[in-house]
Each structure stands twice: as C-alpha cells, then as structure tokens.
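# Results of the structural survey
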Amino acid sequence: PPDEQLEIANQLMADGRHGDAAVAYEDYLRVYTAGHQHDQIMLVLAVIYARYLSKPARAKELFEAALPRLHDAKQIQWARDELANLAPPPPPPRLI
C-alpha cells in the first residue's frame, strides 16, 4: 500500500540511510504513478540525490519535473534556488 511504502521511505531517510530511502521513494513514484503527493516526494528525492548521494543530474531531473506541478510560491522559489545550486560553478578565468 502507498502509505506503508512512504512510511518505510521516510523512516529510512530519518535513519540516515539515504541510498535505501532513495530506492524506496523511486519505487513509490514508479508503482504509484497517480499519487497525490508525487510533487512532494519528487522534491524530497531530489534533495537526497543533491545533498547526500552526489547525483546532481538526477536531482535536476526531479526538480525540473516537480516545478510545473507546484502551486506554493515559496516551494517554487525554493526548488528554483536548489536548481541554481546544482549548476556547476563557472570555470576559473584563464591566465595568459
């Protein structure tokens, strides 16, 4: 059941088992495609990939997929800020 899957994923995250939590959240999104919490789960998963698992490309995919589904202005701005933080820093100036 979806609620149990989320409880497991949330507990794994709370226990600091970020890789296992990511798998559980990914499974939820894959199996329960019409979940009412999809956008929120995508945001949590994006944060896991960005901050804990060093997978910025996957984090970017999730933030970009979640953004059009968000309605709260603060969440939209937060997701945009997180996306901006994923951008690689500009290269250092070339010395001649």
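Since the structure is predicted, the reported quantities are computational estimates derived from the model, not experimental observations. (Residues numbered from 1 in each chain as written. Predicted model: local features only at pLDDT ≥ 70, side-chain atom pairs only at ≥ 80, totals over all residues. Heavy atoms only, no water.)

## Here we look at the pattern of salt bridges
As enumerated under the stated definition, the model contains six salt bridges in all. In this structure, glutamate 82 and arginine 51 form a salt bridge, with 2.8 Å as the shortest nitrogen-oxygen distance. Residue glutamate 82 is found in helix α5 (residues 73-86), and its partner arginine 51 is found in helix α3 (residues 38-52); the two are separated by 31 residues along the sequence. Glutamate 82 gets classed as buried once you look at its relative accessible area, which sits at 11%. (Salt bridge = Lys/Arg side-chain N within 4 Å of Asp/Glu carboxyl O. Helix = DSSP H or I, 4+ residues; strand = E, 2+ residues; numbered from the N terminus. Buried < 20%, exposed > 50% of the residue type's maximum accessible area, 1.4 Å probe, protein only.)

## Considerations on the environment of tyrosine 28
In this structure, tyrosine 28 sits in helix α2 (residues 18-31). C-alpha of tyrosine 28 to C-alpha of aspartate 3: the two residues are 25 residues apart in sequence and 9.5 Å apart in space.

## Notes on the packing of aromatic side chains
Enumeration over the complete set of coordinates arrives at two aromatic pairs. Seen from their ring centres, tyrosine 28 and tyrosine 32 are 5.1 Å apart, and the 45 degrees between their planes marks the pair as tilted. Note on tyrosine 32: relative accessible area 25%, which makes it partly exposed. With centroids separated by 5.8 Å and ring planes inclined at 70 degrees, the aromatic side chains of phenylalanine 63 and tryptophan 78 adopt a geometry described as edge-to-face. Within this pair, whereas phenylalanine 63 is found in helix α4 (residues 56-66), its partner tryptophan 78 is found in helix α5, the two being separated by 15 residues in sequence. Residue class for phenylalanine 63 comes out buried when judged on its relative accessible area of 0%. Assessed through its relative accessible area of 31%, tryptophan 78 is described here as partly exposed. (Phe/Tyr/Trp six-rings, centres within 6.5 Å; stacked < 30°, edge-to-face > 60°.)

## Some thoughts on the side chain of histidine 38
In this fold, histidine 38 is placed in helix α3. A distance of 2.4 Å separates the side chain of histidine 38 from the backbone oxygen of tyrosine 32, its partner in a polar contact. The residues contacting histidine 38, other than those within four sequence positions of it, are Tyr28, Leu29, Tyr32, Thr33 and Arg69. (Polar contact = N/O pair within 3.5 Å; in protein donor to acceptor, adjacent residues only side chain to side chain. Contact = heavy atoms within 4.5 Å.)

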